[in-house]
Amino acid sequence: MSQGILSRLKIIHCKLYMQKHKNLLFFILLLLVVHTIFPILFYFLKSIEFVNNYLRIITYLSIPLFSFLAIFIAFKLYKMSFQLKWMSLNTSIVFISLVLVLSINVFQISMDLTFFKYLMLDQLRFLEPNLIFGNSLDYFIKFIVLVLLGPFTEEILFRRILLVKLLEDYKPSIAIVITSVMFALIHFDLTGIVFYLLISFVYTYIFYLTRNIWFSIILHSVFNFITFFTKIGVHNKSDSFFNIGLLIYVLLLFLIVFLIKKLIAYSKTIKEIKEFE
């Protein structure tokens, strides 16, 4: 008898858990389905000779395409509005956000293990301009995906959908952390996990403060635009730039911490965060 009651209690507990975390569980399931379809489709396309000639271009375009599919499904099932309005912005937040994103873009190289491996060999990795292009069509498609479509779909998916739904179930701090972690994990880059966690936290927190998804998309696009036109250069200890580069990294670290604190402090001055529409 007690076993039967225990089993029922476990079922009730499981149902309550599913109910409480339904938005998060659905989003994880949605991402798993979408990212399972992609490699299966890629495998079949690879075997078609005509398609194989344009496989790289198809691969570039298919990533945002599947993201659009996930967005469409989420909007429909959650019954969310497709309207993405431009919300008014505070000038201070705009300035802090732009400087913060630009600082992280330069600083990101120092946030993976490869950076320290090079440093142990007295070599410094640092961003430098990259204006050499190969196949013009390839680069054009990559630019469209990386700078325009990618930021649009990722911000809608993670900030406009995931964060908004998580805020219905969790405290803002928990919702922001979960969204940041999900965004970082979906990039499948363990060496750069710290960077992805940081930039995702920044995008998520700024969206939480402003409720302006278009501003988040612009910030993301600016970041990716700079990434597209830069590459990683290596400087030996004998180079004059070696010490200058190290100093820049240290200053950027302090600047990033300072700006994040400013954003958090600013949020405390806002009496009421705008509701999502």
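Data block above holds the structure.
Just so we're clear, the structure is a prediction, and the values are computed from it rather than from any experiment.

1. Some thoughts on the overall build of the protein
Move 1: A tally of regular secondary structure across the protein gives eleven helices and two strands.
Move 2: When the helices and strands of the protein are placed in sequence order, the string is α-α-α-α-α-α-β-α-α-α-α-β-α.
Move 3: Burial statistics for the protein: of 277 residues in total, 40% are counted as buried.
Move 4: Put simply, 80% of the contacts in the protein that link residues at least 6 apart link residues at least 24 apart.
Move 5: Counting every atom, the protein has about 16300 Å² of accessible surface; 71% of that belongs to carbon and sulfur.

2. Description of the nonpolar core
Move 1: Core analysis: the biggest nonpolar cluster contains 60 residues, and Leu-100, Ile-104, Leu-157, Phe-158 and Ile-161 have the highest contact counts within it.
Move 2: Considering each element in turn, this core owes the most residues, eleven residues, to helix 9 (residues 193-210).
Move 3: Setting aside chain neighbours within four positions, we find Phe-158 in contact with Phe-27, Leu-31, Leu-163, Thr-179, Met-182, Phe-183 and Ile-186.

3. Some words on unusual backbone geometry
Move 1: A positive phi is found at Asp-122, a non-glycine position, where the angle reads about 60 degrees.
Move 2: Considering the arrangement of structural elements, one finds Asp-122 in the loop between helix 6 (113-120) and strand 1 (123-129).
Move 3: A positive phi angle, close to 60 degrees, is found at Arg-211, a residue other than glycine.
Move 4: Following the sequence through the fold, Arg-211 ends up in the loop between helix 9 and helix 10 (213-228).
Move 5: We classify Arg-211 as buried; its relative accessible area is 10%.

4. Some thoughts on the packing of aromatic side chains
Move 1: Scanning the entire structure with this criterion turns up 19 aromatic pairs.
Move 2: Feature note: the residues Phe-107, Phe-115, Phe-116, Phe-126, Phe-241 and Tyr-249 constitute an aromatic cluster, connected by ring pairs.
Move 3: In this arrangement the basic side chain of Lys-142 is found over the ring face of Tyr-139, its NZ or CZ atom lying 5.5 Å from the centre.

5. Some words on a nonpolar patch on the surface
Move 1: On the surface, Val-177, Val-181, Leu-185 and Leu-197 cluster together into a nonpolar patch covering about 300 Å² of accessible area.
Move 2: Here the nonpolar patch gets three residues from one element, more than from any other, and that element is helix 8 (residues 172-185).
Move 3: Summarising the element assignment, Leu-185 is placed in helix 8.
Move 4: On the accessibility criterion, Leu-185 (48% relative accessible area) is partly exposed.

6. Some points on the pattern of salt bridges
Move 1: One pass over the full model with this rule turns up three salt bridges.
Move 2: A salt bridge links Arg-159 to Glu-155, with the shortest nitrogen-to-oxygen separation between them at 2.7 Å. Separated by four residues within a single helix, Arg-159 and Glu-155 lie in helix 7 (residues 136-169), roughly one turn from each other.
Move 3: On the accessibility criterion, Glu-155 (0% relative accessible area) is buried.
Move 4: In this structure, Glu-168 and Lys-165 form a salt bridge, with 3.0 Å as the shortest nitrogen-oxygen distance. Of this pair, Glu-168 and Lys-165 both sit in helix 7, three residues apart, which is roughly one turn of the helix.

7. Brief notes about helix 7
Move 1: Between the first and last C-alpha of helix 7 there are 47 Å, a value that for 34 residues agrees with the 50 Å anticipated at 1.5 Å per step.
Move 2: Where helix 7 bends most, at Leu-149, the angle is about 40 degrees, and the proline Pro-151 comes one to four residues later.

8. Structural notes on helix 9
Move 1: With 18 residues, helix 9 should cover 26 Å at 1.5 Å per step; its first-to-last C-alpha distance of 26 Å lies within 8% of that length.
Move 2: Judged by how many residues are buried, helix 9 sits mostly within the fold: 14 of 18 residues are covered.
Move 3: Among the residues trailing helix 9, Arg-211 stands out with phi positive, at a value near 60 degrees.

9. Quick look at the packing of helix 5 (residues 91-107) against helix 9
Move 1: Remark: helix 5 packs on helix 9, axes separated minimally by 11 Å, with the N-to-C direction vectors making an angle of 170 degrees. One way to sum up the angle between helix 5 and helix 9 is to call them roughly antiparallel. Residues Ile-93, Ser-97, Leu-100, Val-101 and Ile-104 of helix 5 touch helix 9, and the partners they reach there are Phe-195, Leu-198, Ile-199, Val-202, Tyr-203, Ile-206, Leu-209 and Thr-210.
Move 2: Considering only residue class, the contact of helix 5 with helix 9 consists of eleven nonpolar, two polar and no charged.

10. Examining the environment of Leu-84
Move 1: Checked against the element boundaries, Leu-84 lands in the loop between helix 4 (55-78) and helix 5.
Move 2: The spatial distance from the C-alpha of Leu-84 to the C-alpha of Asn-212 is 8.4 Å, given a sequence separation of 128 residues.
Move 3: Contacts of Leu-84, omitting those with residues within four sequence positions, involve Phe-152, Ile-156, Arg-160, Ile-213 and Trp-214.

11. Some thoughts on the packing of helix 7 against helix 9
Move 1: With their axes 11 Å apart at the nearest point, helix 7 and helix 9 run at an angle of 60 degrees to one another. Considering only the axes of helix 7 and helix 9, their crossing is right-handed. Counted together, Glu-155, Arg-159, Arg-160, Leu-163, Val-164 and Leu-167 of helix 7 and Ser-200, Tyr-203, Thr-204, Phe-207 and Tyr-208 of helix 9 form the full contact between these two elements.
Move 2: Classifying every residue of the contact of helix 7 with helix 9 by side-chain character gives six nonpolar, two polar and three charged.

About the criteria used
Residues numbered from 1 in each chain as written. Predicted model: local features only at pLDDT ≥ 70, side-chain atom pairs only at ≥ 80, totals over all residues. Heavy atoms only, no water. Helix = DSSP H or I, 4+ residues; strand = E, 2+ residues; numbered from the N terminus. Buried < 20%, exposed > 50% of the residue type's maximum accessible area, 1.4 Å probe, protein only. Contact = heavy atoms within 4.5 Å. Areas by Shrake-Rupley, 256 points an atom, 1.4 Å probe, with all protein chains shown as cover. Core = buried A, V, L, I, M, F, W, Y, C linked by side-chain atoms within 4.5 Å. Phe/Tyr/Trp six-rings, centres within 6.5 Å; stacked < 30°, edge-to-face > 60°. Lys NZ or Arg CZ within 6 Å of the ring centre and 35° of its normal. Patch = residues over 30% accessible without salt bridge, like charges linked within 9 Å, V, L, I, M, F, W, Y side chains within 5 Å. Salt bridge = Lys/Arg side-chain N within 4 Å of Asp/Glu carboxyl O. Expected span 1.5 Å × (residues − 1). Bend = angle between axes of the 7 residues up to and from the residue. Axes fitted to C-alpha atoms, helices over the stretch in contact; angles between N-to-C directions. Parallel < 35°, antiparallel > 145°, perpendicular 65-115°, else oblique. Nonpolar A, V, L, I, M, F, W, Y, C, P; charged D, E, K, R; others polar. Left-handed = near helix turned anticlockwise from the far one by under 90°.

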